[in-house]
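Commentary on secondary and tertiary structure
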Amino acid sequence: MSTLLIGAAVLLVLIGAMHSVLGEILFIRPLIAHESWPVFAEGRTFNERTLRFAWHLTTLAFWAFAALLALYDFPSAIFDVVTGTMLAMAVLTYGVSRGTHFAWAVFLAIAACTFAFAHGSLLSSSGAKSTIGLATAGILGALSALHVHWALSADAVPRAALPEIAGRPAFRPGPAITLFVAAGLFLASALVLLATGVVGEVSPPSATTAVWLLGAVFAARCVGDFRYAGLFKREFQTPFARADSLLFAPLCSLIALGCFIVAAARP
C-alpha cells in the first residue's frame, strides 16, 4: 500500500475519532445541558438524539473514506473525487471558522496525499516542479523583502505581526534580528530555486535535502507552539492570533507543501 494513502487514511481515522470524542465533550453535552436548548414538537429527547446521530455520521463518513483509501485498487477518478471532497472541506472549514479550526489543515494534507498518489507523475514533471518551485521561492522572497522593510522602519511593523501577552508584545525584535530573519528567508528562497533546477541544470542532492528540512520547519511553524501561534494555539483574541489563523499558519502550510513537492519530484 502506498505511504501516501496510509498517511491519508490514518489522518481520516484520527480526525474522525477526534470529531466524535471531542465533539461529545466540548460541544454536544454542553449544548444539550444548556437551558435554552430548543424543544420542537417531537420533544427534547428527539432533538438530542438527532444532534448526536447527525454529528457522529460525519465520523462514519471519514472512516468510510479511510477504508476506500486502504482498498486503493480503484481508477484514478475515485481518488480525484476524494481529493476534491477533502479540498472543499478544507476551504469550507477554513472559511467558516476563519482559520481557527485546525481541521482545514488536516483536510488539505489528505487532499495533497490522494492527489499526489493519483497524479504523482504530473507533480514530478519538470514543468510542474518549476512552477511550484518558482511560486514557493517567490513567496519566500517576498517575505524576505517585507522583513527588510520592517528592519529599516520599525514603525512599519504592524501590531498583528507580533504575539501578545496581557496586551503587550511578547518580544520586540530589533533591526539586527529582523534582518537575520530576512536573510534566512532569502536563503530559503535560493535553496528552493536551486532544488528546482532553475539555477543550473542539475539539482544537487544537498539542496533537495535542505528543502525537505525547510518544509519540515514551515510545517512545524504551522502546527505552532500550542500557546500563541499555529493551528493548536490557545489564544484567539489578539490581533496576532487572528492574523495567524487567517494568514500566517495557512501561508506556512502552503510553503511547506510547496517545499515537499519540489523535494519529492524526480530530477
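Values in this document were obtained by computation on a predicted structure and should not be read as measured data.

Moving on, we get to the overall build of the protein chain. Assigned secondary structure in the protein chain consists of nine helices and two strands. Across the protein chain, helices and strands are ordered from the amino to the carboxyl terminus as α-α-α-α-α-α-β-β-α-α-α. The principal-axis extents of the C-alpha atoms in the protein chain amount to approximately 70 × 55 × 20 Å. The buried share among the 267 residues of the protein chain stands at 36%. For the protein chain, contacts bridging at least 24 residues in sequence account for 66% of all contacts bridging at least 6. Accessible surface, the protein chain as shown: approximately 14,800 Å² in total, 72% of it carbon and sulfur. Computed over 15 positive and 12 negative side-chain charges, the separation of the two mean positions in the protein chain equals 6 Å.

Let us now look at a nonpolar patch on the surface. Among the surface-exposed residues, Met18, Val21, Leu22, Ile25, Leu26, Phe27 and Leu31 lie close enough to one another that they form a single nonpolar patch of about 610 Å² accessible area. Here leucine 31 falls in the partly exposed class, since its relative accessible area comes to 31%.

Glancing now at helix α9 (residues 239-264). Count 3.6 residues to each turn of an α-helix, and residues three or four apart come out pointing the same way. An ideal rise of 1.5 Å per residue puts 38 Å on 26 residues; α9 measures up with 36 Å between its terminal C-alpha atoms. When the local axis directions of α9 are compared, the greatest deviation, roughly 50°, occurs at serine 245.

Looking now at the state of the cysteines. Simply put, the disulfide is a covalent bond whose two ends are the sulfur atoms of two cysteines. Across all of its chains, the model carries zero disulfides by this definition. We note that cysteine 113 lacks a disulfide partner, and the nearest cysteine sulfur, in cysteine 222, lies 14 Å from it.

Grouped together as the largest cluster of nonpolar side chains are 42 residues, with contacts concentrated most on Leu12, Leu69, Met86, Leu140 and Phe218. No other element matches helix α4 (residues 103-118), which puts nine residues into this core.

Here we come to the packing of helix α6 (residues 126-152) against α9. As a packed pair, α6 and α9 sit with axes 9 Å apart at the nearest point and diverge in direction by 140°. As far as their axial angle goes, α9 and α6 are oblique. Here α6 runs over α9; the crossing is left-handed. Here Lys129, Ile132, Gly133, Thr136, Ile139, Leu140 and Leu143 of α6 come into contact with α9, specifically with Leu251, Ile255, Gly258, Cys259, Ile261 and Val262. Class assignment of the residues belonging to the contact of α6 with α9 gives a composition of nine nonpolar, three polar and one charged.

With their axes 11 Å apart at the nearest point, α4 and α9 run at an angle of 20° to one another. Taken as axis vectors, α4 and α9 run roughly parallel relative to one another. Between α4 and α9 lies a crossing whose hand is right-handed. For the pair formed by α4 and α9, the contact residues are Trp104, Leu108 and Ala112 on the first element and Ala249, Pro250, Ser253, Leu254 and Leu257 on the second. Residue composition of the contact of α4 with α9, grouped by class: seven nonpolar, one polar and no charged.

Reading guide: rules and limits
- Sequence order as written defines residue numbering, which begins from 1 separately in each chain.
- This being a predicted model, a pLDDT of at least 70 is required before a residue's local features are given, and a value of 80 or more before pairs of side-chain atoms are given or counted; all residues contribute to the totals for chains, interfaces and linings.
- Calculation of side-chain values draws on the structure's entire complement of heavy atoms; hydrogens and water are dropped beforehand.
- The numbering of helices and of strands both runs from the N terminus, where a helix is a DSSP run of H or I of at least 4 residues and a strand a run of E of at least 2.
- Throughout this description, buried means an accessible area under 20% of the type-specific maximum (1.4 Å probe, protein chains only), exposed means over 50%, and partly exposed covers the range between.
- Pairs of residues are marked as contacts when any of their non-hydrogen atoms sit within 4.5 Å.
- The Shrake-Rupley method, run with a 1.4 Å probe, gives the accessible areas here. Residue values count only the displayed protein chains as cover.
- Charge assignment: positive for Lys and Arg, negative for Asp and Glu; neither His nor the chain ends contribute.
- Every charge is mapped onto a representative atom, which is NZ of Lys, CZ of Arg, CG of Asp or CD of Glu.
- Residues form patches when they are more than 30% accessible in relative terms and have no salt bridge. Like charges link within 9 Å. Nonpolar side chains (Val, Leu, Ile, Met, Phe, Trp, Tyr) link within 5 Å.
- Take a side-chain nitrogen of Lys or Arg and a carboxyl oxygen of Asp or Glu: if they are within 4 Å of each other, that pair is a salt bridge.
- To estimate how far a helix should reach, multiply one less than its number of residues by 1.5 Å.
- Fitting axes to the seven residues ending at a residue and to the seven starting there, one defines the bend at that residue as the angle between these axes.
- The rule for a disulfide is simple: a pair of cysteine sulfur atoms within 2.5 Å.
- Residues enter a nonpolar core if they are buried and are Ala, Val, Leu, Ile, Met, Phe, Trp, Tyr or Cys, with the set joined through side-chain atoms within 4.5 Å.
- To get an axis, a line is fitted to the C-alpha atoms, and for a helix only the part in contact is used. The angle between two axes follows their N-to-C directions and goes from 0 to 180 degrees.
- Geometric relationships in this document are graded by angle, where less than 35 degrees denotes roughly parallel, more than 145 denotes roughly antiparallel, 65 to 115 denotes roughly perpendicular, and other angles denote oblique.
- In this scheme the handedness of a crossing depends on how the near helix is turned from the far one: anticlockwise by less than a right angle means left-handed, clockwise means right-handed.
- Polarity classes work like this: nonpolar for Ala, Val, Leu, Ile, Met, Phe, Trp, Tyr, Cys and Pro, charged for Asp, Glu, Lys and Arg, and polar for all others, with Gly in that last group.

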